[in-house]
Amino acid sequence: MNSKILSLYAVVSLSLLVSCANDDTSSDQNQQDVNEKNMTAFVTSDNTPSTRTTAEYDGSGLNFFWTEGDHLWVDNTTASPASLQQDTRNNISDILINNTSNPAGVKRASQAKFWFEGTFTANSYNVRYTGKNGTKDKVIIKSQQSQTVPNDASHIGEDGDCGVATATKGATDGKYYFTLDHKASYLTFMPYYDSNLDPTFTPGLASSVKLTKIKVSADQDIAGTYNFENTGIDLSSVTSASKEIALTLSNSFEIPVSANYSKNGATMVIAPGSYTNFTVEYTLFDQKTSVTLNLKKNYGNITCSIGKNKKIATKLDIPNYSDTKWATWDSQHYYWEGHENNQPRVNGETRGQIPQNASDPRWYNSSSSQATNLCANCPNINEMFWYISNGAAHWDSKTVWCVWGHLYQGGMWFLKKNNIPVFDSNKWYDGHDYRLINNGGVYVDMSDRISTADIPESDRNKYFFLPATDNMAEDWSPVGIYGNYWTSTPTNGDNTRAFALIFSHNHMRVLSHPREMGLVIQKFQ
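Only a predicted model underlies this, so the values are computations on that prediction, with no experimental measurement involved. (Residues numbered from 1 in each chain as written. Predicted model: local features only at pLDDT ≥ 70, side-chain atom pairs only at ≥ 80, totals over all residues. Heavy atoms only, no water.)

J.: Tell me about the overall build of the chain, residues and numbers included.
T.: Along the backbone of the chain there are six helices and 33 strands. Counting every position in the chain, which comprises 525 residues, the buried fraction comes to 51%. Considering only contacts within the chain whose residues lie at least 6 apart along the sequence, 72% involve residues at least 24 apart. (Helix = DSSP H or I, 4+ residues; strand = E, 2+ residues; numbered from the N terminus. Buried < 20%, exposed > 50% of the residue type's maximum accessible area, 1.4 Å probe, protein only. Contact = heavy atoms within 4.5 Å.)

Laid out in structure tokens, this is it:
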């Protein structure tokens, strides 16, 4: 992870101009000039992008700009009594310009002027920036933050950004120069997803899948209200403390195929410190399928240094079943082979050109023998009986998976055959070989053996998962509700039917099924 020290270099010009009692004004501008003559102007004249108070990521660190609502505090020790003074007014709102590289971003300024009432004559002054929600001696690092535009961190001033400096008078020009060192810490996230199992589909997740929230947690406090001094944050003074920070995002944050800050750069303010059990949770939402996915990654121990930004570019691990193949029973070609552009790719989508008759190589095998084409490696009927009767079936409505870039959930876990006692491909537990004695009336219903309990992580490797990818026809729905998987066994006495596994959250059967249906071709583990 890359980091970059955040600092602000500013040139401050101090000039106390006293107005005459009989100054005449003829316009608003003249009145403004008179008001300014009764104040001291602090003028930031440096134009370096790392010298302001709202941020955007540039590939290596955060660049900063002034935005409306920014203010500064000066510790005026020469006043009587000495006091921390906030600027009375500034010109930021007058000079804001659009972000040409990010038109949706907040307007910003590269320079600013701040006017303070009072006399400033010392050789140096302490300067504070406590953000837009802080006070002269308090900084609030929020546990609930929000960002509306990718790579536009204009929110950090509202969520806990802060900094300090010592302004020192120049030797000859009467100006005060200071470098503002930011005293919070920052995390810039840019998660990505590059899995592409289906060469006919554009890599990555569909544009309807958005990053909607990022939550960070640790064993220690990472947010709260802190005392703020001329040296920065007093971390030991925290009140209203929180061990979590949630950054809520708008619906414009995409999931690119590689780390790309312009697509989803999201910046969070966090209290500096060393943390244990540091966990990041990403929330994704598919606007097309209405499925929400929460993905967690634990980083163990991590240090967030004062004034530094950490880049966190995480590859999201989402089970991808875009290589799923559907077919009529034991056909020579897959259901949409040669017609991929007409294949439904979203739940509920309807398209045409499905296989119609035996002149199409996608049409089913009408043989009465065991499968020899695409269904040859599917479980035979005996094996499928074993999976549903002794495979400790667990329905899983939580696991999220994707097909062709969209998110779905729902599927069944079964024990791998090596973990099923006395598993026998040649006969079921009643001693019969159902490859020989089956007919259209044979079926096995094991719906009462479905468990909905979570499988312990320690046992998860004993199982394999079958997503509820439904069947294929002119439409494709309801995905995530039903699983339909062919066996390699035909129905005796009926060359238009073969055996298949059909399951849902409360339904699990192996039964005779019309061969022209587009069910999943799958070799079981």
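J.: So what's going on with the sheet that holds strand S16 (residues 223–229)? Which residues, and what values?
T.: Pairing between the strands of a sheet is mediated by backbone hydrogen bonds and can be parallel or antiparallel. What the three strands build is an open sheet, ordered S10-S16-S17; its pairing is antiparallel. Lying at the two open borders of the sheet, with one neighbouring strand each, are strand S10 (138–141) and strand S17 (232–242). The average angle at which neighbouring strand axes cross in this sheet is 25°, direction not considered. Relative to S16, S10 runs antiparallel, the two sharing four bridges. Looking at S16, one finds that isoleucine 140 is bridged to threonine 225. (Pairing = 2+ DSSP bridges. Axes fitted to C-alpha atoms, helices over the stretch in contact; angles between N-to-C directions.)

J.: Report on the side chain of arginine 362, specifying residues and quantitative values.
T.: Of note, arginine 362 is situated in the loop between strand S25 (325–327) and helix H5 (381–390). A relative accessible area of 3% places arginine 362 in the buried class. There is a polar contact of 3.0 Å between the side chain of arginine 362 and the backbone oxygen of glutamine 353. Within the local environment of arginine 362, its side chain forms a polar contact with the side chain of aspartate 360, the two groups lying 2.9 Å apart. Arginine 362 has contacts with Thr328, Ser331, His333, Tyr334, Tyr335, Trp336, Glu337, His339, Gln353, Ile354 and Pro355, leaving out every residue within four places of it along the chain. (Polar contact = N/O pair within 3.5 Å; in protein donor to acceptor, adjacent residues only side chain to side chain.)

J.: I'd like to hear about the pattern of salt bridges, residue by residue, with values.
T.: Across all of its chains, the model carries eleven salt bridges by this definition. Where aspartate 194 meets lysine 315, a salt bridge forms, and the shortest distance between an N and an O atom there is 3.2 Å. Here aspartate 194, found in the loop between strand S14 (185–189) and strand S15 (209–217), pairs with lysine 315, found in the loop between strand S24 (309–312) and S25; they are 121 residues apart in sequence, far enough to count as distant. Relative accessible area serves as the criterion here: at 34%, aspartate 194 is assigned to the partly exposed category. The class of lysine 315 is partly exposed, set by a relative accessible area of 48%. With its nearest N and O atoms 2.9 Å apart, the salt bridge here joins aspartate 433 to arginine 435. Among the residues examined, aspartate 433 registers a relative accessible area of 18% and is labelled buried. (Salt bridge = Lys/Arg side-chain N within 4 Å of Asp/Glu carboxyl O.)

J.: Tell me about the packing of aromatic side chains, residues and numbers included.
T.: All told, the structure shown has 30 aromatic pairs when counted by the stated rule. Of note, arginine 345 hangs over the ring of tryptophan 404, and the distance from its end group to the ring centre comes to 4.7 Å. The ring of tryptophan 413 is capped by arginine 460, whose NZ or CZ atom sits 4.7 Å from the centre of that ring. (Phe/Tyr/Trp six-rings, centres within 6.5 Å; stacked < 30°, edge-to-face > 60°. Lys NZ or Arg CZ within 6 Å of the ring centre and 35° of its normal.)

J.: Lay out the sheet that holds strand S27 (residues 406–415) with the relevant residues and their values.
T.: Judged by pairing direction, the sheet is antiparallel, and its three strands sit side by side in the order S26-S27-S29 without closing on themselves. Only two strands of the sheet have a single neighbouring strand rather than two, namely strand S26 (394–403) and strand S29 (463–467). If you compare each strand with its neighbour and ignore which way they point, the axes differ by 40° on average. Sheet topology note: the S26/S27 ladder contains seven bridges and is antiparallel. If you follow tryptophan 395 over to S27, its bridge partner there is methionine 412.

J.: Account for H5, with residues named and values stated.
T.: Of all ten residues in H5, nine are buried; the element is thus mostly enclosed. Ile381, Asn382, Glu383, Met384, Phe385, Trp386, Tyr387, Ile388 and Ser389 are the residues of H5 that are buried. One side-chain oxygen of the residue at the start of H5 lies 2.9 Å from the amide nitrogen of asparagine 382, identifying that residue as asparagine 380.

J.: Tell me about unusual backbone geometry, residues and numbers included.
T.: A cis geometry characterises the amide bond from serine 477 onward to proline 478, with omega recorded as -5°. Residue placement: proline 478 occurs in the loop between S29 and strand S30 (483–490). Phi at asparagine 151 takes a positive value of approximately 55°, unusual for a residue other than glycine. Checked against the element boundaries, asparagine 151 lands in the loop between strand S11 (144–147) and helix H3 (156–159). Here the phi dihedral of valine 422 falls at roughly 55°; this positive angle occurs in a residue that is not glycine. Residue placement: valine 422 occurs in the loop between S27 and helix H6 (434–437).

J.: Break down the nonpolar core for me, with residues and values.
T.: Formed by 51 residues in total, the largest nonpolar core has its most connected members in Leu284, Ile318 and Leu407. Excluding its chain neighbours within four sequence positions, the residues that come into contact with leucine 407 are Leu205, Val209, Leu284, Asp286, Thr289, Val291, Leu293, Ile318, Val400, Trp401 and Cys402. Formed by 47 residues, the second largest nonpolar core is a distinct cluster that contains Phe423, Leu466, Phe503 and Phe524. (Core = buried A, V, L, I, M, F, W, Y, C linked by side-chain atoms within 4.5 Å.)

J.: Please provide a residue-by-residue account of the pairing of S14, values included.
T.: Most of S14 sits inside the fold, with five of its five residues counted as buried. Here S14 shows a buried face lined by Ser185, Leu187 and Phe189 and a second buried face lined by Tyr186 and Thr188. Pairing geometry for S14 and strand S19 (residues 266–270), over five bridges, is antiparallel. Its bridge partner lying in S19, threonine 188 is registered against threonine 267.

J.: Can you explain the pairing of S29? Please cite residues and give values.
T.: A regular strand places its side chains so that they alternate between the two faces of the sheet. Burial analysis of S29 places five of its five residues in the buried class, the great majority of the element. Both faces of S29 are covered, namely the face carrying Tyr463, Phe465 and Pro467 and the face carrying Phe464 and Leu466. Sheet topology note: the S27/S29 ladder contains five bridges and is antiparallel. For phenylalanine 414, the partnering residue across the bridge sits in S29 and is phenylalanine 464.

J.: Tell me about the environment of isoleucine 455, and please be specific about residues and values.
T.: Of note, isoleucine 455 is situated in the loop between strand S28 (444–445) and S29. Through-space distance from the C-alpha of isoleucine 455 to that of aspartate 396 is 9.2 Å; in sequence the pair is 59 residues apart. Ignoring any residue separated from it by four or fewer positions in sequence, one finds isoleucine 455 in contact with His394, Trp413, Arg460 and Tyr463.

J.: Would you mind going over the side chain of histidine 155 in detail, with residue names and values included?
T.: For histidine 155, the position within the fold is in the loop between S11 and H3. For histidine 155, the side chain forms a polar contact with the main-chain oxygen of serine 146, separated by 3.4 Å.

J.: Describe the environment of tryptophan 329, naming the residues involved and giving the relevant values.
T.: Within the secondary structure layout, tryptophan 329 lies in the loop between S25 and H5. Expressed as a C-alpha distance, the spacing of tryptophan 329 and glycine 518, which sit 189 residues apart in the sequence, is 7.6 Å.

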